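# Remarks on the overall topology
Take a look at the letters that make up each chain.
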Amino acid sequence: MTAVRRHGLGLVAWLAGIVFFLPIAWMALTSFHSEHDAATNPPSFAASLTLDGYREFFGADGGASPWPALANSAVASVVSTLCVLLLALPAAYALSIRPVRKWTDVLFFFLSTKMLPAVAGLLPIYLFAKNAGMLDNIWLLVILYTAMNLPIAVWMMQSFLAEVPVAVIEAARVDGARLPTILARVVAPIALPGMAATALICFIFSWNELLFARVLTGVVAETAPVFLTGFITSQGLFLAKVCAASLVISLPVLAAGFAAQDKLVQGLSLGAVK
């Protein structure tokens, strides 16, 4: 690759990054404006900055507190992600290191479950939750998020575990290690970058999910995305407060991605995007 082409590709990458970052920067800037300045058209870059949007989001003016919704999102996302990893690891092991018969058909079946539009299964799930007395229950969301993310997790983990040397597993088996020990002490440490990438993606999907949380929850199990939609009312769109709320709700995902960025890059390079 010539130097001109390399620098050209670098410039394109920087431009693409700036294009994707601009909406986030604009949202952050708008969150520090007053509602009057945020609603001006065209917007003013020189408008005075204020923290009123964040004060209103955190209930300083007598509004609803966001902490229960944030806690519900954290519980649903973290617990469902842990459940997905616990279920996906042995499933991926059976499809890669110790492949079952017609394992490619099994992988296609897992992927085919994601082809059904989520709204198509909304009514049956709602009726089931209603008859089971699980409406407005955070554990219903944990079960749903686990089921929704498991196919993608198995698909990703299968490609990660295919990179694990079989000789290491055979050596552990010769030493008398049983399957749970092999999975926990041999396979999991080697596939840790892939597991981190899978966990981050499942966490993001769970944290951002809105449709089922909006329909199946009320007050007790309300999640952060559902709480965010409460700022869009018949009285109007409070743009500064919505931007402040969106930025705060996005922070856990950004923090998780920043903390796992090294493992995420390693995991994706192992085969998730091959």
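Keep in mind that what you see is a predicted model, and the values were worked out from it rather than measured. Sequence order sets the numbering: in each chain, residues are counted from 1 along the sequence as written. Only residues with pLDDT of at least 70 get local features here, since the model is predicted, and only at 80 or more are side-chain atom pairs given and counted; chain-wide, interface and lining totals rely on the full set of residues. In computing side-chain values, all of the structure's heavy atoms are included and hydrogens and water are not.

Next up on the list: the overall build of the protein. Note on conventions: DSSP H or I runs of at least 4 residues are helices, E runs of at least 2 residues are strands, and numbering of each starts at the N terminus. Each helix and strand counted, the protein has 14 helices and two strands in total. If you line up the protein on its principal axes, its C-alpha atoms span 70 × 65 × 30 Å. When accessible area is computed with a 1.4 Å probe and restricted to protein chains, residues below 20% of their type maximum are described as buried, those above 50% as exposed, and intermediate ones as partly exposed. Evaluated residue by residue, the protein yields a buried proportion of 36% over its 274 residues. Note on definitions: a residue-residue contact is assigned when non-hydrogen atoms from the two residues lie within 4.5 Å. Of the contacts made within the protein by residues no fewer than 6 positions apart, 75% connect residues no fewer than 24 positions apart. On the protein, roughly 15,800 Å² of surface is accessible, and the fraction owed to carbon and sulfur atoms is 70%. The positive charge centre, built from 15 side chains, and the negative charge centre, built from 13, are 15 Å apart in the protein. Surface exposure here means Shrake-Rupley accessible area, sampled with a 1.4 Å probe, where a residue is shielded only by the protein chains that are shown. In this charge count, Lys and Arg are treated as positive and Asp and Glu as negative; neither His nor the chain ends contribute. We put the charge of a Lys on NZ, of an Arg on CZ, of an Asp on CG and of a Glu on CD.

Classification of ring pairs uses Phe, Tyr and Trp, with its six-membered ring standing for Trp, and accepts pairs whose centres are within 6.5 Å; under 30 degrees between planes counts as stacked, over 60 as edge-to-face, and the remaining range as tilted. Considering all chains together, one arrives at six aromatic pairs under this definition. Joined through ring pairs, the aromatic side chains of F57, F58, W67 and F227 make up one cluster.

In this section: the nonpolar core. Core analysis: the largest hydrophobic core is formed by 27 residues, its most contacted members being L89, Y93, I97, M157, L161, I169 and V187. Secondary structure elements with two or more residues in this core: α4 (67-96), α7 (138-161), α8 (166-174), α9 (179-190) and α10 (192-208). With seven residues, the top contributor of residues to this core is α7. Dropping the residues within four chain positions of it, I169 is found in contact with Y93, I97, V164, I182, V186 and V187. Residues belong to a common nonpolar core when they are buried Ala, Val, Leu, Ile, Met, Phe, Trp, Tyr or Cys residues joined through side-chain atoms within 4.5 Å.

The way it works is a 1 Å grid over only the protein atoms, where trapped points that fit a 1.4 Å probe form a cavity and open points with protein on both sides within 12 Å along at least five of seven lines form a pocket, and then any residue with an atom within 4 Å of a point lines it. Grid points are joined across faces, edges and corners, and a volume is the space filled by probe spheres set on the points. Its volume calculated, the largest pocket comes out at about 320 Å³. Taken together, T113, K114, L116, P117, A118, G121, I125, L144, A147, M148, P151 and F212 form the lining of the largest pocket. Here the lining of the largest pocket gets four residues from one element, more than from any other, and that element is α7. Three categories are distinguished: nonpolar for Ala, Val, Leu, Ile, Met, Phe, Trp, Tyr, Cys and Pro, charged for Asp, Glu, Lys and Arg, and polar for the others, with Gly belonging to the last. In the lining of the largest pocket, the residues fall into nine nonpolar, two polar and one charged. Its volume calculated, the second largest pocket comes out at about 160 Å³. Lining the second largest pocket, in full, are E56, D61, G63, A64, E222, F227, G230, F231 and K241. Residues belonging to the lining of the second largest pocket are distributed by class as follows: three nonpolar, two polar and four charged.

With respect to the secondary-structure elements, P68 resides in helix α4. Assessed through its relative accessible area of 49%, P68 is described here as partly exposed.

This part takes up the domain arrangement of the protein. Domain delimitation in this document rests on an assignment produced automatically or drawn from a domain database. Domain annotation of the protein identifies domain 1 (3-58) and domain 2 (66-230). The distance between the C-alpha centroids of domain 1 and domain 2 comes to 33 Å.

Let us look at the UniProt feature "transmembrane region" (unreviewed entry) in the protein. UniProt positions are given in the numbering used here, feature names are shortened, and annotations may be inferred rather than shown by experiment. With numbering matched to this structure, UniProt assigns "transmembrane region" (unreviewed entry) to residues 12-29, 74-95, 107-126, 138-161, 182-206, 212-231 and 238-260. With 100% helix and 0% strand, the stretch residues 74-95 has end C-alpha atoms that lie 31 Å from each other.

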